Structures are given as structure tokens and as C-alpha cells.
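Structural characterization, general
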Amino acid sequence: MKQIRTNRILIFPCSISLAKSLILYPYDFKMVSPVIVPESFPSDRVKCILPLLIELYELEGGDVGWWICFIIDLQSQKFIGELELEGEGEELTFSLTFTNAQTEKEFVSEVMEGFFYYIHKIGIAQIIQTEVPDKRFYYKETLKKYGFKAVGVEGDYCLMRKKRSQFVGKLIATICFVLAIFAGGYFALDKLIVPRYFGKYG
């Protein structure tokens, strides 16, 4: 998974060093992080997943077909959400969460645009899908605008799916504002982010 940057956000994969800092030294991380860390970040789900990912990364030596990515608002210099990706080949499952409902409304469309551009750029996955809780009505409606269709319901969750062939129409608009897709590795936001916490895998 590579980094994705638009004019307002940066999406980047969680490195082993960052994962360990969030799990083992959460208070210290918040104190020294050059990016503002909200109380609701990371989510409880990600806190549970990170130890398993650390183990997998160390056993497999990096790419395991399952990524946790974090989202930064470049203007406020704050963590605003998480993007979880799982799968390789024909099908990719993702989960997108934000630190609060207002942030979701403000940034969900831009995250989707950057994400779809990235998928098309590298040519992975013929089908992408996600499970959405019924209470996230705004998010569900946004997904519909981007061509997702409900294909199943289980309890309070709706499975929504989109085929890669449906990306093309939206990509025409996306290319107009997506500024860059960065290669993996160290990155800097006007010297805001330091490699110690935000480096490449390993």
C-alpha cells in the first residue's frame, strides 16, 4: 500500500514502528507526535487489530495483503480517520472510519476520490466492497453516489459493492484535483512528520 495525497488529506499505511508506539506507548506518542492526536484515535477496532498486524508483518517480512492506513487533515495537522484494506487480486474489502460524524461529512468524498484514483492507478481489484452500519446514513448515501450498490444485509450492517469498471466515470473528475500519489517510504509535510514514527514498513 502506497501513500495517497490530495489537496487536503494524506492517507498513509501504518508502519511497524508507528503501530508499536500506538499500542505500547500511546501517551508518549500523543505527547511527541507532530500531528494532533484526538482522544478517539485510533479507534477501538484498530487498537485490537494492530497487535495482530505487528505479528504478521514481522513473520511475513512486510506485505501481508492487509493494511491499516491513517488519514491526516493537512490543514489542521490532525489525525482524522482510518482506512483498513484487506485482500489482493480480484476482490478488495475496505473499512473507512472517522474520528467523528462532522469530520466524516467534511472529508468522506475526498477520501473516496483519492482512494478510487489509487486503485485505478495501480490496477488492483475488480471488485471493492465494504460493510456499512445502518446508523452511518450519510456515509452510505455517499457510497451510493460513487456507484456502490447494496448486495446484502446482515443484522445492522449492509454489504455494499462496486465493480472496477464503474471507477472510470468518477476518475475523470478525480484527476482534476488529486495532486499526487507518493511512493512508499519516508515522507514529510513541510517537516511536520518525522521518520521515527511515520516510516516505511520495518
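Counting of residues starts from 1 at the beginning of each chain's written sequence and follows it residue by residue. In keeping with the predicted nature of the model, local features appear solely for residues at pLDDT of at least 70, side-chain atom pairs appear and are counted solely at 80 or more, and the whole-chain, interface and lining totals rest on all residues. As a rule here, side-chain values cover all heavy atoms of the structure and leave hydrogens and water aside.

Description of the pattern of salt bridges
- Only one rule defines a salt bridge in this text: a Lys or Arg side-chain nitrogen within 4 Å of an Asp or Glu carboxyl oxygen. Across all of its chains, the model carries eight salt bridges by this definition.
- Two residues, Glu58 and Lys20, come together in a salt bridge whose shortest N-O distance is 2.9 Å. Of this pair, Glu58 sits in helix H3 (residues 44–60) while Lys20 sits in helix H1 (residues 16–24), placing them 38 residues apart in sequence.
- Asp134 serves as the salt-bridge partner of Lys140, at 3.2 Å between the closest nitrogen and oxygen.
- Classification of Lys140 as buried rests on a relative accessible area of 13%.
- A single salt-bridge network, built from bridges that share partners, covers Arg8, Glu106 and Glu110. A helix here means a DSSP run of H or I that spans at least four residues, while a strand means a run of E at least two residues long, and both kinds are numbered starting from the N terminus. Buried, partly exposed and exposed residues are distinguished by accessible area as a fraction of the type maximum, computed with a 1.4 Å probe on protein chains only: under 20%, between the cut-offs, and over 50%, respectively.

Some details on the pairing of strand E3 (residues 66–73)
- For E3, a buried count of eight out of eight residues is recorded, marking the element as mostly surrounded by other parts of the structure.
- Here E3 shows two buried faces, one formed by Trp66, Ile68, Phe70 and Ile72 and the other by Trp67, Cys69, Ile71 and Asp73.
- By the convention used here, strands pair only if DSSP detects at least 2 bridges between them. In the sheet, E3 pairs with strand E4 (residues 78–86) via eight bridges, with the strands oriented antiparallel. Residue Ile71 lies in a different strand from E4, and its bridge partner there is Gly81.
- From the end of E3 to the start of E4, which pair antiparallel, there are four residues, and Gln77 there has a positive phi angle of about 55°.

Overview of the nonpolar core
- Remark: nonpolar core denotes a set of buried residues (Ala, Val, Leu, Ile, Met, Phe, Trp, Tyr, Cys) joined through side-chain atoms within 4.5 Å. Counting 30 residues, the largest nonpolar core has Phe94, Leu96, Met112 and Phe115 as its most contacted members.
- Of all the secondary structure elements, the ones that give two or more residues to this core are strand E2 (9–13), E3, E4, strand E5 (91–98), helix H4 (101–122), strand E6 (127–133), helix H5 (137–145) and strand E8 (157–163).
- With eight residues, the top contributor of residues to this core is H4.
- Residue contacts are counted whenever heavy atoms from the two residues lie within 4.5 Å of one another. When neighbours within four sequence positions are excluded, Phe115 is seen to be in contact with Ile4, Leu83, Leu85, Leu92 and Phe94.
- Ile49, Leu50, Ile68 and Phe79 belong to the second largest nonpolar core, which has 23 residues in total.

Let's talk about the state of the cysteines
- Put simply, a disulfide is two cysteine sulfurs that come within 2.5 Å. Counting across every chain of the model gives zero disulfides.
- The closest cysteine sulfur to the non-disulfide-bonded Cys69 is located on Cys14, 8.7 Å from its own sulfur.
- The exposure class assigned to Cys69 is buried, which follows from its relative accessible area of 0%.

Describing the pairing of E8
- Residues Cys158, Met160 and Lys162 point to one face of E8 and are all buried, whereas Tyr157, Leu159, Arg161 and Lys163, pointing to the other face, are not buried.
- The sheet contact formed by E6 and E8 spans seven bridges and is antiparallel. Its bridge partner being in E8, Thr130 is matched across the sheet by Met160.
- Two strands pair when backbone bridges link them, and strand E7 (residues 149–154) and E8 are joined in this way by five bridges, in the antiparallel orientation. Of the residues in E8, the one forming a bridge with Ala150 is Met160.
- Turn length for the E7-E8 hairpin, with the two strands adjacent in sequence and antiparallel, is two residues, and the turn residue Gly155 shows positive phi of about 65°.

Observations concerning the confidence of the model for the protein chain
- For the protein chain, the average pLDDT comes to 79, and 75% of its residues sit at 70 or higher.
- Element-level pLDDT for the protein chain is lowest in strand E9 (residues 180–182), with a mean of 40, against a maximum mean of 94 in E2.
- Here residues 168–202 is a poorly scored stretch, pLDDT under 50, and it has 77 contacts once near neighbours within four places are set aside; other chains count. Values of pLDDT, which run from 0 to 100, indicate the predictor's confidence residue by residue.

Side note on the packing of H1 against H3
- Axis separation between H1 and H3 bottoms out at 10 Å; the angle between their running directions is 140°. When the axes of H1 and H3 are compared, the pair comes out oblique. Here H1 and H3 pass one another in a crossing that is left-handed. Here Ile16, Ala19, Lys20, Leu22 and Ile23 of H1 lie close against H3, whose contacting residues are Lys47, Leu50, Pro51, Ile54, Tyr57 and Glu58.
- Residue composition of the contact of H1 with H3, by class: eight nonpolar, no polar and three charged. Here an axis means a line fitted to C-alpha atoms, over the contact stretch when the element is a helix, while the angle between two N-to-C directions is reported on a 0 to 180 degree scale. Orientation is classified from the angle alone, with under 35 degrees giving roughly parallel, over 145 giving roughly antiparallel, 65 to 115 giving roughly perpendicular, and any other angle giving oblique. Here a crossing is taken to be left-handed if its near helix is turned anticlockwise relative to the far helix by less than a right angle, and right-handed if that turn runs clockwise. Under the grouping applied here, Gly and all other residues not named as nonpolar or charged are polar, the nonpolar ones being Ala, Val, Leu, Ile, Met, Phe, Trp, Tyr, Cys and Pro and the charged ones Asp, Glu, Lys and Arg.

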